[in-house]
Structure formats: structure tokens, C-alpha cells
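Take a look at the letters that make up each chain.
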Amino acid sequence: MVDLLNLKIEQMADLNFKCECGRTHKVDIEKIIVGSNILNDKSSFIDIINSENLFVVADKNTYKSWGKELIRLLKRENYQITEFIFQNEDHLIPNEKSVGRLLIEIPKNTSLIIGVGSGTINDLCRFLSYKLNIPYVIFATAPSMDGYASMVSPLIVEGFKKTYEATYAKAIVSDTQVLRNAPLEMIHAGFGDILGKFTSLTDWKLSKLINDEYYCEKTVEFVEKARDLCVKNAEEISQRSEEVTKQIMEALIISGIAIGFVGYSRPASGAEHHLAHYWEMDAISKNIPHPLHGNSVGVGTVVVSMIYQLMKDKLPKGLTPPDPEYLISLHKKVGSIYSPKELGIPKDVFQDSIIHAREIRNRYTILQLAHEFNLLEKISTILTDKFYG
Ligand SMILES: NC(=O)C1=CN([C@@H]2O[C@H](COP(=O)(O)OP(=O)(O)OC[C@H]3O[C@@H](n4cnc5c(N)ncnc54)[C@H](OP(=O)(O)O)[C@@H]3O)[C@@H](O)[C@H]2O)C=CC1
Ligand SMILES: O=C(CO)COP(=O)(O)O
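Residues numbered from 1 in each chain as written. Chains lettered and ligands numbered in written order. Predicted model: local features only at pLDDT ≥ 70, side-chain atom pairs only at ≥ 80, totals over all residues. Heavy atoms only, no water.

Looking at an unreviewed UniProt entry, one finds the protein chain named Glycerol-1-phosphate dehydrogenase (NAD(P)(+)), with Petrotoga mobilis as its source organism.

Structural data, given as C-alpha cells:
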């Protein structure tokens, strides 16, 4: 039996074991690296790039943060490289236009796709890889979300954020020297995505108790252990030490692995994600900027924990919901935003999101339970007053 809770991150590559839950859990990722100054020691990752014709994808910022240096190194190693750097003036969106652009640019003889970036670049490269059946490796530039190790790609199609089946990265390569220098907001976003596990795991348990949904205790413990290590060191996050950056990155990778264990994003994504997706889609539909995914999830986690409090006499026995005051205290330690108003979510959008966010995914969460008790309007009014006055 695999001692899941005591594996080092690099030992999680290529896992395959039969779990007590009855399912076989797998990780089809050949290599996971969370190192330091790794371009100075190419032997740690170069074996993974055993293809000749590379298609390297980055955007303006990620090219600067790591892409340029990586491309220079790969050229020195005589790989054939076609590079495509998104030059968007605004935020790059994982939508039809971006997927189409990559399809236009990718050479026919590409044998490996290399993404240099965080969530959006990773999802675009993963989707391209899946559709074209060409492996991809992600060089991660920010510890901002938990999708590096997952096998799904949330994309915006016709304005709607939907999670598409995709594939694992062949390898995840990250360097704490690069990660710790990402904008602080992105590090806070990663922490927010990790905080989200307080409510996503509670929603999963809720559905197990109410609907007898499949539930894996080992997966839950695996995610909780990584989450709790980050939480323990929350105060140090803004100092960007290599050690804490590594803990955040590893927790994010573990959360992605948990998605793969289960086959869909249940361990990582509950009502807090549905609120975050709702806010993001609303902003995209109005062509206005939106907060980073993880920053929205971090706020959504506080909001959802308050919904749990408001619903406490309706919860099944044995469910322990997260405490909003505790979550707020963690945000304060980190210095991250915990109020939807401060995050820039318009009052009317917040009010509607409490009522309608449950509709964007077919997943049982506290929002669904509140809907069944006809309480969503009331909860929406209470929380809107609380945050917006
Ligand atoms: N597949 C999955 O399971 C998951 C996917 N996601 C998805 O990930 C996306 C969010 O990812 P997230 O990483 O938060 O945001 P983005 O990938 O959208 O990144 C925001 C911007 O930050 C910039 N950036 C990245 N790294 C650096 C760096 N080191 N230095 C300077 N700038 C940098 C980039 O530049 P620029 O401004 O030039 O664009 C980037 O576009 C969402 O679409 C979300 O749905 C989230 C969780 C799980
Ligand atoms: O963002 C995710 C996990 O952090 C993916 O979640 P969804 O399945 O809700 O798109």
C-alpha cells in the first residue's frame, strides 16, 4: 500500500495504486520538479525533453519571467524551436480565440508542446496537447492555482466557463526562484485556491452524506495535509521565502493530483469555485478585468463558509463546516483580500451570484442544499448587506 501522506512531491509522478475507496488512483505525469535554480542544472529535467521539434508557448510576462531564459537554453541544446508569445494588451483568456491562435501557429511536425506560464497558458497547452495528441510539459511561472497537475481544462466558450476533459502534462517543471518572484497577488491567489479546499472538501462530504456520492477519505486526507502545512505558515507567505513558496506550489500540485485521482474536480472545486467562475464570466461578458481565479476562490471560501453557518440547523449530522472567522484570520495573516466588495465584485453581481452560481455546474454543494430549502434569496440578502452595507 502506498504511504500517500509521506511521499515527496517527485515521488508522486507516475503513481498507480489501488485505494481503500475501491478505485485505482493514477497520476500519468512522468516527472514533477519543484527545484531551485534548475536551469543551472539542466540534468534535472532535460531527459523529459526527448523530442526534437518543440512548440514553446508563453505570454509577454511569462516570457520575461522564465521563457526567454528557457528558450535560450533549449536553443543551445540544438532543439528545433518554434516559439509563440501571446502579445495580448489585456489579460489572456482561455477562450476559442486563444485555442484557435495556437492551432494556427503550431507547426505540423511538432513533437512536444512546452508551456511557460501559469493557469491560462497551462490550460491552453493542455487542451491543445489533448486534441492533437502531442505531449506537453509545463514550466510553471507562478504558484497561483492548482491546475498544473490536473487533467481538465476550464475554458471560456461562448462566454461560458466550462471544464473540458483534457490530459496530464508529461512533466511539471518549477523553480522556487521563479515562483517566489511572481507578483504577490498571484502568490495570494495560490493561497486562495488552497483555502478553497476548506469548503470544496466540506461540499464533497455534504454530498456523500445526502446523496451517497462516491467519496475517498485518502484523497481528502492527502489534500488536507498539504493545505494545512500552508495554513500553518500563512504569516510567512508574503515574505516569499523559498520554503513557503515550495509548500504552496506542492499543495497546489497535490490538489491537482487529487483531481486526477477522482477523475473530475470534486476534491478541489465546490461552491467557492462556482462563485468565482460566476464573477469571472460576468466580467468577461462585460469586457472588464476580473480578479485572478485564486483570489476569487479565496473570497468565495469565506462567503461559502458563511452560508454554511446560516444553514447550520439544516446540515446532516457529522458534518463539520469551516469557521468564517478562522478563514478571515488566515487572509489577514497573509494580507490577502477576503471581502467580495474589496475584490471589486459589483454588489448586484454578488447578490445574483449567491442565487445562480449553483446553476453553472452539475455538482451538489451547500448552494444546492440552500436552494432545496428555498433559502437562497434570503441568504443573498443577508450576505449582501453584510459585505456591501
Ligand atoms: N486546469 C485546472 O484544473 C485549473 C485551471 N485553472 C484556471 O487557471 C486560470 C487562472 O490562472 P492564474 O495563474 O491565476 O492566472 P493566469 O494564468 O491568467 O495568469 C495571469 C497573468 O499573470 C502573468 N504571470 C504569470 N506568471 C508570471 C510571473 N512569474 N511574473 C509576472 N507575471 C506572470 C501572466 O501574464 P500576462 O498578464 O501577460 O497575461 C498571466 O497571463 C483560470 O482560467 C482558471 O480557470 C485554475 C485552477 C485549476
Ligand atoms: O478551478 C478548478 C480547480 O481549482 C477546476 O474547477 P472546475 O471544475 O469548477 O472548473
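*Asks:* Mind showing me how you'd approach the pattern of salt bridges here?
*Replies:* Evaluation of the coordinates by the stated rule reveals 16 salt bridges. One salt bridge connects Lys42 with Glu77, and the closest N-O pair in it is separated by 3.5 Å. Residue Lys42 is located in the loop between β3 (31-35) and β4 (53-59), and its partner Glu77 is located in the loop between α1 (60-76) and β5 (80-86); the two are separated by 35 residues in the primary sequence. Where Asp123 meets Arg126, a salt bridge forms, and the shortest distance between an N and an O atom there is 3.8 Å. A residue pair is termed a helical-turn pair when its members lie 3 or 4 positions apart in one helix, as Asp123 and Arg126 do in helix α3 (residues 119-132) at three residues. According to the relative accessible area criterion, Asp123 is buried, its value standing at 10%. Taking relative accessible area as the criterion, Arg126 reaches 0% and is therefore assigned buried. A single network of salt bridges, built from pairs that share partners, joins Asp146, Asp193 and Lys197. (Salt bridge = Lys/Arg side-chain N within 4 Å of Asp/Glu carboxyl O. Helix = DSSP H or I, 4+ residues; strand = E, 2+ residues; numbered from the N terminus. Buried < 20%, exposed > 50% of the residue type's maximum accessible area, 1.4 Å probe, protein only.)

*Asks:* Hey, could you run me through the site of ligand 2 in this one?
*Replies:* The environment of ligand 2 is formed by Asp146, Pro154, Thr163, Asp193, Ser265, Ser269, His273, His277, His293 and Arg361. For ligand 2, an oxygen atom lies 2.5 Å from a polar atom in the side chain of Thr163. His277 has a polar side-chain atom sitting 2.9 Å from an oxygen atom of ligand 2. Residue classes in the shell around ligand 2 are distributed as one nonpolar, six polar and three charged. In this structure, the shell around ligand 2 is formed jointly by two domains, domain 1 (9-180) and domain 2 (184-213 + 266-388), each of which donates at least three residues. (Near = heavy atom within 4 Å. Polar contact = N/O pair within 3.5 Å; in protein donor to acceptor, adjacent residues only side chain to side chain. Nonpolar A, V, L, I, M, F, W, Y, C, P; charged D, E, K, R; others polar. Domains from an automatic or database assignment.)

*Asks:* For this particular structure, what's the right way to read helix α2 (residues 96-105)?
*Replies:* In an α-helix, one turn spans 3.6 residues; hence positions three or four apart end up facing the same way. All buried positions along α2 are accounted for by Ser98, Val99 and Leu102. Summarising the axial view, the buried residues of α2 lie within an arc of 100°, below the 170-degree limit, and thus occupy one face. With respect to the buried face of α2, the exposed residues turned more than 90 degrees away are Lys97 and Ile104. Of the surrounding secondary structure, the elements contacted by the buried residues of α2 are β4, β5, α3 and β8 (152-157). (Arc of directions from axis to C-beta. Contact = heavy atoms within 4.5 Å.)

*Asks:* So what exactly am I meant to see when it comes to the pairing of strand β10 (residues 171-175) here?
*Replies:* Consecutive residues of a regular strand have side chains that alternate between opposite faces of the sheet. Counted residue by residue, β10 has five buried out of five residues, so it is predominantly covered. Burial along β10 is two-sided: the residues Ala171, Val173 and Asp175 and Ile172 and Ser174 are all buried. Pairing of β3 with β10, which is carried by five bridges, proceeds in the parallel orientation. Within β10, the residue paired with Ile33 across the bridge is Val173. (Pairing = 2+ DSSP bridges.)

*Asks:* How should I be thinking about the packing of helix α5 (residues 184-211) against helix α8 (residues 271-285) in this particular structure?
*Replies:* When two helices pack together, their arrangement is given by the angle between the helix axes and the distance between those axes. Relative orientation of the contacting elements α5 and α8 amounts to 120°, with a least axis distance of 7 Å. When the axes of α5 and α8 are compared, the pair comes out oblique. Residue-level contacts link Asp193, Gly196, Lys197, Thr199, Ser200 and Asp203 of α5 to Ala271, Glu272 and His273 of α8. Here the contact of α5 with α8 is composed, by residue class, of one nonpolar, four polar and four charged. (Axes fitted to C-alpha atoms, helices over the stretch in contact; angles between N-to-C directions. Parallel < 35°, antiparallel > 145°, perpendicular 65-115°, else oblique.)

*Asks:* Which parts of the structure should I look at to understand the pairing of strand β9 (residues 160-165)?
*Replies:* Alignment of β8 against β9, held across six bridges, turns out to be antiparallel. Opposite Pro154, over in β9, you have Thr163 as the bridge partner. What sits between the antiparallel neighbours β8 and β9 is a turn of two residues, in which Glu158 has the positive phi angle 50°.

*Asks:* Explain the site of ligand 1 to me, please; I cannot follow it from the model alone.
*Replies:* Near ligand 1 lie 27 residues; those nearest to it are Thr120, Asp123, Ser144, Ser150 and Lys161. In this structure, Asp123 approaches ligand 1 through a side-chain N or O atom, which is 2.7 Å from a nitrogen atom. With respect to ligand 1, the side chain of Ser150 contributes an N or O atom lying 2.7 Å from an oxygen atom. Alone, ligand 1 offers 930 Å² of accessible surface; in the complex the protein occludes 90% of this. Elements with a contribution of two residues or more to the shell around ligand 1: α1, α3, β8 and α5. The greatest single-element share of the shell around ligand 1, amounting to four residues, is contributed by α3. Its residues assigned to classes, the shell around ligand 1 shows nine nonpolar, 12 polar and six charged. Both domains that furnish three or more residues to the shell around ligand 1 are identified here as domain 1 (9-180) and domain 2 (184-213 + 266-388). (Areas by Shrake-Rupley, 256 points an atom, 1.4 Å probe, with all protein chains shown as cover.)

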